[in-house]
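# Examining the three-dimensional arrangement
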Amino acid sequence: MHPGQSQAFSVNAEANGSVKFAVYPAATGVSGVTEYDVTIASIKSGLDRFWEATNPTYGDWLDTGRDVDVSAWKPAIAYQMGDFLQVQTYNGIFSMSVQQREKERVTSAYRNVGSPTSEDKQVPESRTRSVLATHSEWVDAGSIQNCEEWKPLVSTVKYGTPFEQTKLCYQPQVRDWVYKVDGVALHSHSEPRQKNVTSTQQATGTKNYITGPKNSTWSAWKNDPAASARYGYSSWSPSPSAVNKGHRFTQSQTYKQKQFMTRTLFDLWADGTKTENSTETQRRTIDANNTRAATGTKVVGGKWTYVTSQRLFLRGLNPTMKHPTLGITVPTYRASPPTGGFCPTIGSYAIYWLPGGANFIYAQTMKCQ
């Protein structure tokens, strides 16, 4: 064997129990004499036993029936509204036996060391159960409440139209739940609700609406008050110069006059009322005239002609006098009657006189014609 190596080997012992063996160095290629130390670490006899610890043996994992970290059943029973399945989680404790042992190196035999021990472990597990839920019938709990207004509103339906209104109210109710597992009641609670209750009634719409138009009658024709509504004035006629001087007469004047008349249009409503909608206007232009009094300025001449003679008392004679037979006031002149002479106003009268005695005169009535 090479220097530094070790080797295990076995040899047969002699009858007296001695053992003989030789150790030779392997060829090293080194010339000369070399000394080696050989150490025998141990010598074991086949009759000796050499035990040393080895792997223990293990039994099967067995459920001990003990559970730890057990959770509550889920989901919770409270407020479940029907049959359901509950789940519970936990850690199951399992145990197995452990036997320590030794192995004999020469014969490879095994032997137990001491009594078996146990080793535990926790295994996450779960279990389920069926929960049967039952409930009673709904029963009223108090009076109807929280009623809404009647719909549709009468103000949204045409005036005078009959229709049906509805009103929604709420009736509080309650029922009881009981939860059982394998016939054993585990929990109970009450369930409330609001039941819809609908009422109806007959109503009549009040929403006013226009049924049609209505016109008022036309007003009388009225003169347009604007200054420009009168135009096209003619001259006054006849002219004073065309009428005998001093003669009173009526003059007329024509012009254009703008006029208008109106009527109001109303909306008639279903409830019988009416409201003003608009106003219509018609217009026209008419021929109109003005009149006024005037005095003639035309000078027209004539000739005096004899009418009558009279004897009159001189006393009380004035420049004018009331004619005793004509009944009109006429001028008097002391002069000879101007028969055939010019007179300025046709149709006028005058008295011309001359003394006829101490207390009287001779008067002649003359007419201009």
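A brief report on the enclosed structure follows. (Residues numbered from 1 in each chain as written. Predicted model: local features only at pLDDT ≥ 70, side-chain atom pairs only at ≥ 80, totals over all residues. Heavy atoms only, no water.)

## Thoughts on the environment of Pro3
As for its position among the elements, Pro3 is in the segment before strand S1 (51-58). Once the C-alpha coordinates of Pro3 and Ser136 are considered, the two residues, 133 residues apart in sequence, prove to be 100 Å apart. (Helix = DSSP H or I, 4+ residues; strand = E, 2+ residues; numbered from the N terminus.)

## A few points about the environment of Pro240
In this structure, Pro240 sits in the loop between strand S11 (230-231) and strand S12 (248-269). Since its relative accessible area comes to 24%, Pro240 is described here as partly exposed. Sequence separation between Pro240 and Gln251 is eleven residues, and the spatial gap between their C-alpha atoms is 8.5 Å. (Buried < 20%, exposed > 50% of the residue type's maximum accessible area, 1.4 Å probe, protein only.)

## Quick look at the sheet that holds strand S19 (residues 360-368)
Pairing within the open sheet is mixed, and its six strands lie in the order S15-S16-S18-S19-S14-S17. At either end of the open sheet lies a strand with only one pairing partner, and these are strand S15 (320-322) and strand S17 (342-343). In terms of strand pairing, strand S14 (residues 302-313) meets S17 through two bridges, oriented antiparallel. Across the sheet, the residue bridging to Gly302 is Cys343, located in S17. (Pairing = 2+ DSSP bridges.)

## Considerations on the packing of aromatic side chains
Applying the stated rule across the entire model yields five aromatic pairs. With centroids separated by 6.4 Å and ring planes inclined at 75 degrees, the aromatic side chains of Phe84 and Tyr179 adopt a geometry described as edge-to-face. Placement of the pair is Phe84 in strand S3 (residues 84-104) and Tyr179 in strand S7 (residues 162-181), with a sequence separation of 95 residues. Just as Phe84 is buried, Tyr179 falls in that class too. (Phe/Tyr/Trp six-rings, centres within 6.5 Å; stacked < 30°, edge-to-face > 60°.)

## Looking at the state of the cysteines
Taken as a whole and assessed by the stated rule, the structure comprises two disulfides. Across the disulfide from Cys147 sits Cys169; the S-S distance is 2.0 Å. Here Cys147 and Cys169 share a disulfide; its torsion about the S-S bond, 115 degrees, makes the bridge right-handed. With Cys147 in the loop between strand S6 (139-140) and S7 and Cys169 in strand S7, this residue pair connects regions lying 22 residues apart in the sequence. We classify Cys169 as buried; its relative accessible area is 4%. Sulfur-sulfur distance for the disulfide between Cys343 and Cys368 comes to 1.7 Å. Linking Cys343 and Cys368, the disulfide has an S-S dihedral of approximately 85 degrees and is accordingly described as right-handed. Of the two residues, Cys343 is situated in strand S17 and Cys368 in strand S19; the sequence distance between them amounts to 25 residues. (Disulfide = S-S within 2.5 Å.)

## Some details on the pairing of S12
Here strand S9 (residues 210-215) runs beside S12; their pairing, made up of five bridges, is antiparallel. Paired with Asn215 across the strands is Leu265, a residue of S12. Looking at chain direction, strand S10 (residues 222-223) and S12 are connected through two bridges and run antiparallel. Bridging from a neighbouring strand, Lys222 pairs with Phe260 of S12. In this sheet, S12 lies alongside S11 in antiparallel orientation, the contact comprising two bridges. What sits directly across from Tyr231, in S12, is Lys256. The pairing of S12 with strand S13 (residues 274-295) spans 21 bridges and is antiparallel. Considered in S13, the bridge of Thr262 is made with Thr281. The loop that links S12 with its antiparallel partner S13 comprises four residues; one of these, Gly272, has a positive phi angle of about 95 degrees.

## Let's talk about a nonpolar patch on the surface
On the surface, Phe9, Val11, Phe21, Val23, Val38 and Ile40 cluster together into a nonpolar patch covering about 510 Å² of accessible area. Mapped onto the secondary structure, Ile40 falls in the segment before S1. Since its relative accessible area comes to 47%, Ile40 is described here as partly exposed. (Patch = residues over 30% accessible without salt bridge, like charges linked within 9 Å, V, L, I, M, F, W, Y side chains within 5 Å. Areas by Shrake-Rupley, 256 points an atom, 1.4 Å probe, with all protein chains shown as cover. Salt bridge = Lys/Arg side-chain N within 4 Å of Asp/Glu carboxyl O.)

## Concerning the environment of Thr262
With respect to the secondary-structure elements, Thr262 resides in strand S12. Its relative accessible area of 25% is what places Thr262 among the partly exposed residues. Put simply, Thr262 and Ala220 are 42 residues apart on the chain and 8.1 Å apart in space, counted from C-alpha to C-alpha.

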